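Next come the chains, spelled out residue by residue.
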Amino acid sequence: MSDATPNGEKPDFDTMTRDIAEVPAVEVITTVAVHLMSSAAVNLGLAEEGEQHKDLDEARKLITALAGLVTASATEISNFHAGPLRDGLKSLQLAFREASVVPDEPGQGPGEKFTGPVFG
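Residue numbering note: each chain is counted from 1, following its sequence as written. This being a predicted model, a pLDDT of at least 70 is required before a residue's local features are given, and a value of 80 or more before pairs of side-chain atoms are given or counted; all residues contribute to the totals for chains, interfaces and linings. Neither water nor hydrogens contribute to the side-chain values; these are computed over all heavy atoms in the structure.

S.K.: Can you help me understand the nonpolar core in this one?
M.R.: One recurring pattern in soluble globular proteins: nonpolar side chains tend to sit buried together. Nine residue types can take part in a nonpolar core, namely buried Ala, Val, Leu, Ile, Met, Phe, Trp, Tyr and Cys, and a core is a set of them joined through side-chain atoms within 4.5 Å. Exposure categories follow from relative accessible area, calculated using a 1.4 Å probe and restricted to protein chains: below 20% of the type maximum is buried, above 50% is exposed, and the middle band is partly exposed. The biggest cluster of nonpolar side chains holds 20 residues, and the ones touching the most others in it are Leu44, Ile63, Leu66, Leu85, Leu89 and Leu92. Of all the secondary structure elements, the ones that give two or more residues to this core are α2 (25–43) and α3 (56–99). The contact criterion used is simple: two residues touch if any of their non-hydrogen atoms lie within 4.5 Å. Apart from residues no more than four positions distant in its own chain, Ile63 is found in contact with Ala40, Leu44, Leu89, Leu92, Gln93, Phe96, Pro110 and Gly111. Comment: elements are numbered from the N terminus, with helices defined as DSSP H or I runs of at least four residues and strands as E runs of at least two.

S.K.: Can you walk me through the pattern of salt bridges in this structure?
M.R.: Where side chains of opposite charge bring their charged atoms close, a pairing between them can arise. When a carboxyl oxygen of Asp or Glu lies within 4 Å of a side-chain nitrogen of Lys or Arg, that pair is called a salt bridge. Evaluated as defined, the whole model comprises five salt bridges. Measuring nitrogen to oxygen at the nearest pair gives 3.8 Å for the salt bridge that ties Glu51 to Lys54. Look at Glu51 and you get exposed, because its relative accessible area is 60%. For Lys54, a relative accessible area of 32% corresponds to the partly exposed category. Because the salt bridges share partners, they merge into one network encompassing Asp57, Glu58 and Lys61.

S.K.: Help me out: how do you make sense of a negative patch on the surface in this one?
M.R.: The residues that make up patches have over 30% relative accessible area and no salt bridge, and they are joined within 9 Å when like-charged or within 5 Å when they are Val, Leu, Ile, Met, Phe, Trp or Tyr. The Shrake-Rupley method, run with a 1.4 Å probe sphere, supplies the accessible areas, and residue values consider only the shown protein chains as cover. We score Asp and Glu as negative and Lys and Arg as positive, and we do not count His or the chain ends. Think of each charge as sitting on NZ of Lys, CZ of Arg, CG of Asp or CD of Glu. Residues Asp12, Asp14, Asp19 and Glu22 make up a contiguous surface patch of negative charge. With respect to the secondary-structure elements, Glu22 resides in the loop between α1 (13–21) and α2. In this structure Glu22 comes out as exposed when scored by relative accessible area, which is 61%.

Structure below.
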């Protein structure tokens, strides 16, 4: 596999490293969280033409990863940023429970080992 860009030039890794170093950690964390949320929502069938993309096994993995990230980073990114992420996480956890044919026991759903049991 080549490191060349589509136009055949070599990427400037020094510049790329400098660019990512300038991004605040809170921005990286929230961006990753939003990507996990979006992917989980698609896998829960919540997107347009949702049923064809529904995959609860994938959604469980994404929600669990999101719960770990949000729980671990909450004290580092302040409640201003963590609050909306927690709300989104809870919504996904509840949507997962609703989408499941056989819902998990309270405390056993995706991410609940990090967040505790989630109730509507």
